[in-house]
Amino acid sequence: MSEVLAVPVVPASPVKIAHAALRMQPVTLQEAAGLETPAYLFDPAVVIRRFEALRQALGTRLVVSFKANNLVDLVVRCGHSFVDGIELASIGELGVVTGRIAQRRYVNNPSMDAAFMRAALISGCDFIIDSVAQARALAAQDAGARSPRALLRLNAAAISNGAVGADHFGMGEAQAVEAAAILADSAVQVTGVHCFAGSNTFLRYGVSHAGHVRRALDHLQPAVAQPLEEVNLGGGLPMNWDDELGQLESYRKVISELFSDVSVLHEAGRAIFGHAGVFLTRVVAVKTLMDRHIAACDGGMAQNFLLASTEGILRLHAAPLLLSSTPPAASTHPVTIQYVGSSCNRQDVIGHAQDACAAPNVGDICVFEGCGAYNSSYTVRDFLMLPAARSYLRAV
């Protein structure tokens, strides 16, 4: 794909966006018939609207988590709208956005090596420092005439005395003070802190997490020569945040009071991309096994691992929408349908429909909604050398 020119930053719209506009409109049979399956279909307009609406609802700057959807064409179509920047977790992601994103870029990876650091320095990225060792490594880099900016990443559990679930990211306050001292003797400017409570934790921990970060920020400030000017509270926003606008409004008021003296950022990935994409796969074979109808599809966990729901305690499969040019076969009673993928893995079950009136036909297209974030990249595709899903963008 050819390079695109940087587009001037456009402020987020102050106009409230209707709830329906924040969800991808249903795929029609005519639209799906022209796609080679298995496939993803993304709607750039929905991505942009969701970003603007969430930024407005939070009342803060909003950084986009690129790992949620790293499709180059989508970045080209939407990148100009990501006015507050984008978070990158690998040198590969940095390579994709270089020359395509003019806004601020934050690099964040606990195992960031020297090559990634050098590339980020050359590209003018901001750093999110995960450990004392990483602070030393960055301080040792030759920054040339640049004055790199860095946020110190705090561990949410450590600063809350375990009130938030533990993970292995970031530092405790004492370690952050040590990291700040190391960076103070280098060309790196410590501009603030970063602290993320975890995926899908916002509705549970949002307000309390912000309070813990405020206290940690106050404790850390004396160890930093210059005033700390920004706080990244992470995200953890659910994909359906637009169903919780009342809670977001309350949270916004708390944030404005707690952090009136600094610039606040949030990060979002699934909250922006989740409802802006669908996964499509065709039924290639149908059979009856005991009390179930089995619909074998040309795509499965190899192209959309998350639909297989193997990582949760309970396997909760989605029910796809069926697009068919053939009238369904008559059924005298409700049926149970399992939608399975194209591998020989017994876990390759991606959909489930119960009390359906009829089994699908060969050639029907299954549309799984809410697959715009992580689904396309978080896969096990190399098993059996199965083909990757194709990606399409919905026309304007």
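Residues numbered from 1 in each chain as written. Predicted model: local features only at pLDDT ≥ 70, side-chain atom pairs only at ≥ 80, totals over all residues. Heavy atoms only, no water.

## Notes on the overall build of the chain
A count of helices and strands for the chain gives 11 helices and 16 strands. A compact globule built from 396 residues would reach a C-alpha radius of gyration of about 21 Å, and the chain, at 23 Å, matches this within 12%. Considered along the principal axes of its C-alpha atoms, the chain spans approximately 75 × 45 × 40 Å. Relative to all contacts within the chain whose residues are 6 or more apart in sequence, the contacts with residues 24 or more apart total 74%. Carbon and sulfur atoms form 56% of the exposed surface of the chain, whose accessible area is close to 17800 Å². (Helix = DSSP H or I, 4+ residues; strand = E, 2+ residues; numbered from the N terminus. Rg over C-alpha atoms; globule rule 2.2 N^0.38 Å. Contact = heavy atoms within 4.5 Å. Areas by Shrake-Rupley, 256 points an atom, 1.4 Å probe, with all protein chains shown as cover.)

## Some words on the environment of Phe-169
You can see Phe-169 is positioned in the loop between helix 7 (156-159) and helix 8 (173-184). Setting aside chain neighbours within four positions, we find Phe-169 in contact with Pro-110, Asp-130, Arg-153, Leu-154 and Asn-155.

## Describing the pairing of strand 2 (residues 61-65)
Counted residue by residue, strand 2 has 5 buried out of 5 residues, so it is predominantly covered. Residues Arg-61, Val-63 and Ser-65 of strand 2 are buried on one face, and the alternating residues Leu-62 and Val-64, pointing to the opposite face, are buried as well. Direction of pairing for strand 2 relative to strand 9 (residues 263-268): parallel, over a ladder of 4 bridges. In the strand pairing of strand 9, Val-63 is matched with Glu-267. Where strand 2 and strand 3 (residues 86-88) come together, 2 bridges link them in parallel fashion. For Val-64, the partnering residue across the bridge sits in strand 3 and is Ile-86. (Buried < 20%, exposed > 50% of the residue type's maximum accessible area, 1.4 Å probe, protein only. Pairing = 2+ DSSP bridges.)

## Remarks on the packing of helix 9 (residues 202-220) against helix 10 (residues 245-258)
A pair of packed helices is characterised by two quantities: the angle between their axes and the separation of those axes. Their axes nearest at 10 Å, the elements helix 9 and helix 10 cross at an angle of 5 degrees. Classified by the interaxial angle, the pair formed by helix 9 and helix 10 is roughly parallel. Seen from helix 9, the contacting residues are Phe-202, Leu-203, Gly-206, Val-207, Ala-210, Gly-211 and Arg-214; seen from helix 10, they are Gln-247, Leu-248, Tyr-251, Val-254, Ile-255 and Leu-258. Among the residues forming the contact of helix 9 with helix 10, the class breakdown is 9 nonpolar, 3 polar and 1 charged. (Axes fitted to C-alpha atoms, helices over the stretch in contact; angles between N-to-C directions. Parallel < 35°, antiparallel > 145°, perpendicular 65-115°, else oblique. Nonpolar A, V, L, I, M, F, W, Y, C, P; charged D, E, K, R; others polar.)

## Overview of helix 6 (residues 132-140)
Where helix 6 is concerned, the buried positions are Val-132, Gln-134, Ala-135 and Leu-138. All buried residues of helix 6 fall inside an arc of 160 degrees around its axis, so they share one side. Seen from the buried face of helix 6, the exposed residues on the opposite side, beyond 90 degrees, are Ala-133 and Ala-140. (Arc of directions from axis to C-beta.)

## Digging into the packing of helix 2 (residues 44-58) against helix 10
Axis separation between helix 2 and helix 10 bottoms out at 8 Å; the angle between their running directions is 50 degrees. In terms of axis orientation, helix 2 runs oblique to helix 10. In this structure, helix 2 uses Gln-56, Ala-57 and Leu-58 to contact helix 10, whose residues at the interface are Leu-245, Leu-248, Tyr-251 and Arg-252.

## So, the side chain of Asp-298
By the secondary structure assignment, Asp-298 is in the loop between strand 11 (292-297) and strand 12 (321-323). Notably, Asp-298 is buried but unbridged: the nearest opposite-charge side chain belongs to Arg-282, and the N-O separation is 5.3 Å. Within the structure, the side chain of Asp-298 is placed 2.6 Å from the side chain of Thr-37, a separation counted as a polar contact. Within the structure, Asp-298 has its side chain in polar contact with the side chain of Thr-281 (distance 2.7 Å). Beyond its immediate stretch of four places on either side in the chain, Asp-298 contacts Thr-37, Pro-38, Thr-281, Arg-282, Val-284, Gln-303 and Ser-342. (Lys, Arg positive; Asp, Glu negative; His and termini not counted. Salt bridge = Lys/Arg side-chain N within 4 Å of Asp/Glu carboxyl O. Polar contact = N/O pair within 3.5 Å; in protein donor to acceptor, adjacent residues only side chain to side chain.)

## A short note on the pattern of salt bridges
Summed over the entire model, instances satisfying the criterion amount to 15 salt bridges. For Arg-55, the salt bridge goes to Asp-84, with nearest N and O atoms at 2.6 Å. You can see Arg-55 sitting in helix 2 and its partner Asp-84 sitting in the loop between helix 3 (72-78) and strand 3, a full 29 residues away along the chain. Notably, a salt bridge pairs Glu-230 with Arg-61, separated by 3.5 Å at the nearest N-O pair. Here the residue Glu-230 occupies a position in strand 8 (residues 230-232), and Arg-61 occupies one in strand 2, the gap between them amounting to 169 residues.

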